[in-house]
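Single-letter residue listing:
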Amino acid sequence: MIGIFDSGLGGLTALREARRIMPNADFIYFGDTGRVPYGSRSNDTIVRYATQIMHFMAEMRVDAALAACGTVSSVALESLRSFCHIPLIGVVEPTAKAAAAATKNGRIGVIGTGATIKSGAFERALARISPDVKAIGEACPLFVPLVENGFIQADDVVTLEVARRYLAPIGAFGADTLILGCTHFPIIAESIKRTLPDVTLINSGREAALALSEAAPAHSLEGHGSLTCYVSDNPENFRDVASIFLGERFDAPICKIDIERY
Ligand code: DGL
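A brief look at the structure comes next. (Residues numbered from 1 in each chain as written. Predicted model: local features only at pLDDT ≥ 70, side-chain atom pairs only at ≥ 80, totals over all residues. Heavy atoms only, no water.)

Section: the pairing of strand S2 (residues 27-31)
- Here S2 lies mainly inside the structure; 5 of its 5 residues are buried.
- Chirality of the crossover, the property in question, places the unit of strand S1 (residues 2-6), helix H1 (residues 12-21) and S2 among those that are right-handed.
- Note that S2 and strand S9 (residues 227-231) share 5 bridges and pair parallel. Of the residues in S9, the one forming a bridge with Tyr29 is Cys229. (Buried < 20%, exposed > 50% of the residue type's maximum accessible area, 1.4 Å probe, protein only. Helix = DSSP H or I, 4+ residues; strand = E, 2+ residues; numbered from the N terminus. Right-handed = clockwise from strand over helix to strand, strands pointing away. Pairing = 2+ DSSP bridges.)

Now the structure itself:
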């Protein structure tokens, strides 16, 4: 069994890729819909929330886990790894690797939540992987509620205007590659693309799902291809928005849990 989690719905972008790459694996997905967003919270709170989620994952006996959340991956991964004894993948390292391989002019933009950009985690990973690369980070906190509330059409004027404002410094910096350092952002990739048409977008969910498939123990890949979702708030809201996100009817069972219990 493989566990994937996020503060809300954004991690579904990673789940979709993971199921495509590992079609026979059994997955559980946890979206902390009762406490989203994480990106505007303090590091202590993010670590506490993520620790509770890993305790839940341990109770579910997952063999490997993916923090499909740029914020948790940037702020809490080391702390989670100090007590969890299964492979735990975050989005930062695999995404930075893919961006370093994709850039031609050595200039990379990073967008994420406030906590992610403040942590500098993507910039540090890029400097380790490719010391000559120059990176610029830009917090885009409003993208998260826009996505969670369904402002996801490519021509949505509100999302386009917010993107124009947030992404201007990245355009001015001359980045040819942009890390979508929050798993919510691939959902509005088209709006981002319209704003920065010549920039290659790196989808953190996809890169992390690939890294997960390499780290997961072989036996965890041979299940029945099942999926069960867990949320910390109303399951029906999750189903409705998940269907829009995934562009297909979302039939997986969704159970509400009390995450504060962990
Ligand atoms: N999906 C989460 C991430 O990747 C962020 C959304 C939030 O602020 O909770 O950072």
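A few points about the environment of Phe185
- Examined against the element boundaries, Phe185 turns out to sit in the loop between strand S7 (177-180) and helix H10 (189-195).
- Distance in space between the C-alpha atoms of Phe185 and Asn203 is 8.2 Å, their sequence separation being 18 residues.
- If sequence neighbours within four positions are ignored, Phe185 has contacts with Ile111, Gly112, Cys140, Phe143, Val144, Leu180 and Ile192. (Contact = heavy atoms within 4.5 Å.)

Describing the packing of aromatic side chains
- One pass over the structure, following the stated rule, counts 8 aromatic pairs.
- Look at Phe30 and Phe56: their rings are 5.8 Å apart centre to centre, the planes differ by 55°, and that puts the pair in the tilted class. A residue pair is termed long-range when its members are at least 10 positions apart, and Phe30 in strand S2 and Phe56 in helix H2 (residues 43-59) qualify at 26 residues. The exposure classification of Phe30 matches that of Phe56, with both residues buried.
- Between Phe143 and Tyr166, the aromatic rings sit 5.3 Å apart at their centres with planes inclined by 90°, giving edge-to-face as the arrangement. Within this pair, whereas Phe143 is found in helix H8 (residues 143-148), its partner Tyr166 is found in helix H9 (residues 157-173), the two being separated by 23 residues in sequence. In this pair, the class of Phe143 matches that of Tyr166, namely buried.
- Members of the aromatic cluster, joined through ring pairs, are Phe30, Phe56, Tyr230 and Tyr262.
- One residue, Arg35, lies across the ring of Tyr49, its end atom 3.7 Å from the ring centre. (Phe/Tyr/Trp six-rings, centres within 6.5 Å; stacked < 30°, edge-to-face > 60°. Lys NZ or Arg CZ within 6 Å of the ring centre and 35° of its normal.)

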